[in-house]
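Remarks on the overall topology
These are the residues of each chain, in order.
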Amino acid sequence: MTQIEKLTFESITWVQFLLFLLYISDDTGNRLRFQLELEFVQCLANPNYLNFLAQRGYFKDKAFVNYLKYLLYWKEPEYAKYLKYPQCLHMLELLQYEHFRKELVNAQCAKFIDEQQILHWQHYSRKRMRLQQALAEQQQQNNTSVK
């Protein structure tokens, strides 16, 4: 019996499964690997998930840290265009630093990051709304001056 045949769903963690997918080379495997890595990278935007990983010791595992380094390819434009939550790239970058990984064990750290993200989104939403209003007003002025 091969090592793969011995594995059961219960014995495989999410990360182990992702690492296993690195070795799949056919088209179906590559497509599945792309989808799973996309989903996993986007999960990194959630500070509570990062806290969960830290508390379970994933960030102490050298293989997992190397996997996070490997995932930096998502910063390339041909991959980044598929991301819905671009802040995950910032988190992925921060996860390259041991100090940041160690701090994530603390729930207060995750809470602080979560609050900062919310403040950023609120500021971005208000700023975007003001820009859209200014653009609409400018277009309206251009339409009236053309007539």
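The protein chain carries the name Mediator of RNA polymerase II transcription subunit 31 in an unreviewed UniProt entry, which gives Anser brachyrhynchus as its organism. Turning to the protein chain, the UniProt annotation filed under Subunit (unreviewed entry) states: "Component of the Mediator complex."

Quick look at the pattern of salt bridges now. Taken as a whole and judged by the stated rule, the model has four salt bridges. For Glu93, the salt bridge is made with Lys75, and the minimal N-O distance between the two is 2.5 Å. Placement of Glu93 in helix H7 (residues 87-94) and of Lys75 in the loop between helix H5 (62-70) and helix H6 (77-80) is noted, with a sequence separation of 18 residues between them. Of the charged contacts in the structure, one is a salt bridge between Glu115 and Lys111, with a shortest N-O distance of 3.5 Å. With a gap of four residues between them, Glu115 and Lys111 both fall in helix H9 (residues 107-146), about one helical turn apart. Residue classification places Lys111 among the partly exposed positions, given a relative accessible area of 44%.

By the secondary structure assignment, Asn51 is in helix H4 (residues 47-55). Here Asn51 is in contact with Leu104, Val105, Asn106, Ala107 and Ala110, once residues within four sequence places are set aside.

This part covers the packing of aromatic side chains. Using the criterion set out here, one finds 13 aromatic pairs in the structure. Between Phe40 and Tyr49, the ring centres sit 6.4 Å apart and the planes meet at 80°, which makes this aromatic pair edge-to-face.

Definitions and limits used
- Throughout this document, residue positions are counted from 1 along each chain, in the order its sequence is written.
- Given that this is a predicted model, residues contribute local features only at a pLDDT of at least 70 and side-chain atom pairs are listed and counted only at 80 or more, while totals for whole chains, interfaces and linings are drawn from all residues.
- To get the side-chain values, all heavy atoms of the structure are used, and hydrogens and water are removed first.
- UniProt positions are given in the numbering used here, feature names are shortened, and annotations may be inferred rather than shown by experiment.
- The rule for a salt bridge is simple: a side-chain nitrogen of Lys or Arg has to be within 4 Å of a carboxyl oxygen of Asp or Glu.
- Secondary structure is summarised from DSSP: a helix means a run of H or I of at least four residues, a strand means a run of E of at least two, and numbering begins at the N terminus for each.
- With a 1.4 Å probe rolled over the protein chains alone, any residue whose accessible area is under 20% of its type maximum counts as buried; one over 50% counts as exposed, and the rest are partly exposed.
- Note on definitions: a residue-residue contact is assigned when non-hydrogen atoms from the two residues lie within 4.5 Å.
- Here a pair means two rings of Phe, Tyr or Trp (six-membered ring of Trp) with centres within 6.5 Å. Their orientation is stacked below 30 degrees between planes, edge-to-face above 60, and tilted elsewhere.

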